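Overview (structure and organization)
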Amino acid sequence: MIIQPKIRGFICTNAHPVGCAANVQQQIDYVKAQAPFGEGPKNVLVLGCSTGYGLASRIVSAFGYGANTLGVCFEKEPSERKTATAGWYNTAAFHQQAKDAGLYARTLNGDAFSNEIKAEVINAIKQDMGKVDLIIYSLASPRRTDPTSGETFKSVLKPVGQAYTTKTYDTDKDLVHDISLEPASEEEIQHTIKVMGGEDWELWIKALADADLLADGCRTTAYTYIGKELTWPIYGHATIGKAKEDLDRAAAELNSSYADKQLKAYVSSLKALVTQASSAIPVMPLYISLIYKVMKEEGTHEGCIEQINGLFRQKLFDAAPELDEAKRLRMDGKETNDATQAKIKALWQQVTQENFHQLSDYAGYHQEFLHLFGFGFAGVDYDADVNPLVEW
Ligand code: NAD
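Residues numbered from 1 in each chain as written. Predicted model: local features only at pLDDT ≥ 70, side-chain atom pairs only at ≥ 80, totals over all residues. Heavy atoms only, no water.

You'll find the protein chain entered in an unreviewed UniProt entry as Enoyl-[acyl-carrier-protein] reductase [NADH], with Pokkaliibacter plantistimulans given as the organism. For the protein chain, the Subunit (unreviewed entry) comment in UniProt is given as "Monomer." Looking at the Sequence similarities (unreviewed entry) heading of the UniProt record, one finds this comment for the protein chain: "Belongs to the TER reductase family." (UniProt positions renumbered as here; feature names shortened; annotations may be inferred.)

**Some thoughts on the UniProt feature "domain: Trans-2-enoyl-CoA reductase-like NAD(P)H binding" (unreviewed entry) in the protein chain**
With numbering aligned to this structure, UniProt lists the feature "domain: Trans-2-enoyl-CoA reductase-like NAD(P)H binding" (unreviewed entry) at residues 2–80. In residues 2–80, helix accounts for 39% and strand for 19%; the two terminal C-alpha atoms are 12 Å from one another. (Helix = DSSP H or I, 4+ residues; strand = E, 2+ residues; numbered from the N terminus.)

**Brief notes about the pattern of salt bridges**
Under the defined criterion, the tally for this structure stands at 24 salt bridges. Note that Asp170 is salt-bridged to Lys173, the shortest N-O span being 3.7 Å. Glu199 is the partner of Lys194 in a salt bridge, and the nearest nitrogen-oxygen pair spans 2.9 Å. Lys194 sits in the partly exposed class, given a relative accessible area of 21%. (Salt bridge = Lys/Arg side-chain N within 4 Å of Asp/Glu carboxyl O. Buried < 20%, exposed > 50% of the residue type's maximum accessible area, 1.4 Å probe, protein only.)

**Details of the site of the ligand**
As a structural note, the neighbourhood of the ligand is formed by 30 residues, with Ser50, Glu75, Ala112, Lys244 and Thr275 the closest of them. The side chain of Asp111 places a nitrogen or oxygen atom 3.0 Å from a nitrogen atom of the ligand. Protein contacts shield 93% of the accessible area of the ligand, which totals 850 Å² for the unbound molecule. Contributions of two or more residues to the shell around the ligand are made by α2 (52–65) and β11 (214–224). Residue classes in the shell around the ligand are distributed as 15 nonpolar, 11 polar and four charged. (Near = heavy atom within 4 Å. Polar contact = N/O pair within 3.5 Å; in protein donor to acceptor, adjacent residues only side chain to side chain. Areas by Shrake-Rupley, 256 points an atom, 1.4 Å probe, with all protein chains shown as cover. Nonpolar A, V, L, I, M, F, W, Y, C, P; charged D, E, K, R; others polar.)

**Re the packing of aromatic side chains**
Here the structure, examined in full by the defined rule, presents 15 aromatic pairs. Considering the side-chain rings of Phe356 and Tyr362, the 5.8 Å spacing of their centres and the 45° angle between planes classify their relative orientation as tilted. Each member of the pair Phe356 and Tyr362 is classed as buried. Ring pairing ties together the aromatic residues Phe37, Tyr65, Phe312 and Phe317, which thus form one cluster. The ring of Phe37 has Arg313 lying over it, and the distance from NZ or CZ to the ring centre is 4.2 Å. (Phe/Tyr/Trp six-rings, centres within 6.5 Å; stacked < 30°, edge-to-face > 60°. Lys NZ or Arg CZ within 6 Å of the ring centre and 35° of its normal.)

**Examining the side chain of Gln97**
Along the chain, the position of Gln97 falls in helix α3 (residues 86–100). For Gln97, the residues in contact, after removing those within four places along its chain, are Gln25, Ile28 and Phe63. (Contact = heavy atoms within 4.5 Å.)

**Notes on the nonpolar core**
Ile59, Tyr287, Ile308 and Phe312 are the most contacted members of the largest nonpolar core, which totals 92 residues. By residue number, the principal contributor to this core is helix α8 (residues 284–298), which donates nine residues. With sequence-adjacent residues up to four places away left out, Ile308 is seen in contact with Tyr53, Ala56, Ser57, Val60, Tyr223 and Leu270. The next biggest cluster of nonpolar side chains, apart from the first, holds 34 residues, and it includes Leu139, Trp204, Ala265 and Val267. (Core = buried A, V, L, I, M, F, W, Y, C linked by side-chain atoms within 4.5 Å.)

**Observations regarding a positive patch on the surface**
Together, Lys6, Arg8, Lys76 and Lys82 line one region of the surface with positive charge. Looking at where Lys6 falls in the secondary structure, it is placed in the segment before β1 (7–8). For Lys6, a relative accessible area of 44% puts it in the partly exposed group. (Patch = residues over 30% accessible without salt bridge, like charges linked within 9 Å, V, L, I, M, F, W, Y side chains within 5 Å. Lys, Arg positive; Asp, Glu negative; His and termini not counted. Charge placed at Lys NZ, Arg CZ, Asp CG, Glu CD.)

**Points about the packing of helix α5 (residues 186–196) against helix α7 (residues 239–257)**
A pair of packed helices is characterised by two quantities: the angle between their axes and the separation of those axes. Across the interface, α5 lies against α7 with an axial gap of 8 Å and an inter-helix angle of 50°. What the angle tells us is that α5 and α7 run oblique. α7 is crossed by α5, and the crossing has right-handed handedness. Between α5 and α7, the residues in contact are Ile189, Thr192, Ile193 and Met196 and Thr239, Ile240, Lys242, Ala243, Lys244, Asp246 and Leu247, respectively. (Axes fitted to C-alpha atoms, helices over the stretch in contact; angles between N-to-C directions. Parallel < 35°, antiparallel > 145°, perpendicular 65-115°, else oblique. Left-handed = near helix turned anticlockwise from the far one by under 90°.)

**Observations concerning the layout of surface pockets**
For the second largest pocket, the calculated volume is near 470 Å³. If you go around the second largest pocket, you meet 22 residues; those closest to its centre are Asn23, Gln27, Gly303, Cys304 and Glu368. Listing elements by their share of the lining of the second largest pocket, those giving two or more residues are α1 (17–33), α2, α9 (304–316) and α13 (362–372). Ranked by residues supplied to the lining of the second largest pocket, first place goes to α1 with four residues. (1 Å grid on protein atoms, 1.4 Å probe; cavity = no way out; pocket = protein on both sides within 12 Å on 5 of 7 lines; lining within 4 Å. Points joined across faces, edges and corners; volume = space filled by probe spheres on them.)

Right, here's the structure in full:
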């Protein structure tokens, strides 16, 4: 099959196995170049392991610290006529690399919100790992079925309290325009919290604790985005921000419920960057194109792997890491500091349809977007016939 990108709106509906392997390889090479790593995890469970921040967490765990990794993801397998999703190919590439390096890796593909996958993970840990000492919670999903009631909840991306009009960039139509977003209803807020809040994170830790699979001093972190004034109306102070506040509640609950295990639960705030999840959020492609411009000029630009490498080395395994007012670990300072934000705000005010490509780094945004699906890598021949049927 000749595989060229098929972009529909904010998503690419296919993926390139060789390009995805190149993406994984680049991240592994980056991590190996950061050696030596200090004390860190040995047995890691990564929920949402196949793309974005979760994949980077798995790569740092395995290729930085030499840890065994068990991953959970929700990806589509390939067929003769259709490619798999990028996360499938990333996972296959990760497995190949882990095997070559003599590292244990196992991945379960299924719904992490379900009781069935939790039971499968528990069996896998019992069989292969003993106990886990790090659990990464990096799911990004538009819906969740409650495992007890069977009810399916959908998240929405809407402001809270009042309508909001702002600039956005439509990547499909190459158009800078205003969008008006109506405020969410109370029900929509609650449903978004059900999907992206802390409940499922707590259920995971409870299931592991009940099965006696948490190592003493085990750490767990869930990822959040806080941002600043430009993104608050649609993110930080919006429905998704309410769900993320619920992670702070869950972290406090976990720390007190499992104090006997000396569990350390943190919410870690990461910077905005292009992933499948963030490209679906209105405003984010425009905001990210502008921060890429500013942060590349400042020399502070980072991708998933640099952020997670920094989080693990500087914060997560520190005995007494610096925390913010809500007891979170912060890796987003290079984006959210006042000087950088002032430059981004100035660009934001100036940006129009006419000057968007000069003022922003949309070229960089688009390049990274293509990379997410295994496209746009210099060493990959996209005219070559490749077999989409890749397994792990
Ligand atoms: P992503 O879309 O790249 O990854 C999501 C992962 O979750 C994938 O591995 C996917 O397979 C998995 N997944 C989704 N639904 C699942 C399900 N039902 N069962 C099992 N696995 C499932 O997303 P990302 O941007 O890396 O986001 C991960 C976390 O990081 C999210 O909490 C997000 O809010 C946070 N974050 C993202 C950004 C950003 O700019 N992208 C910034 C800060 C924090």
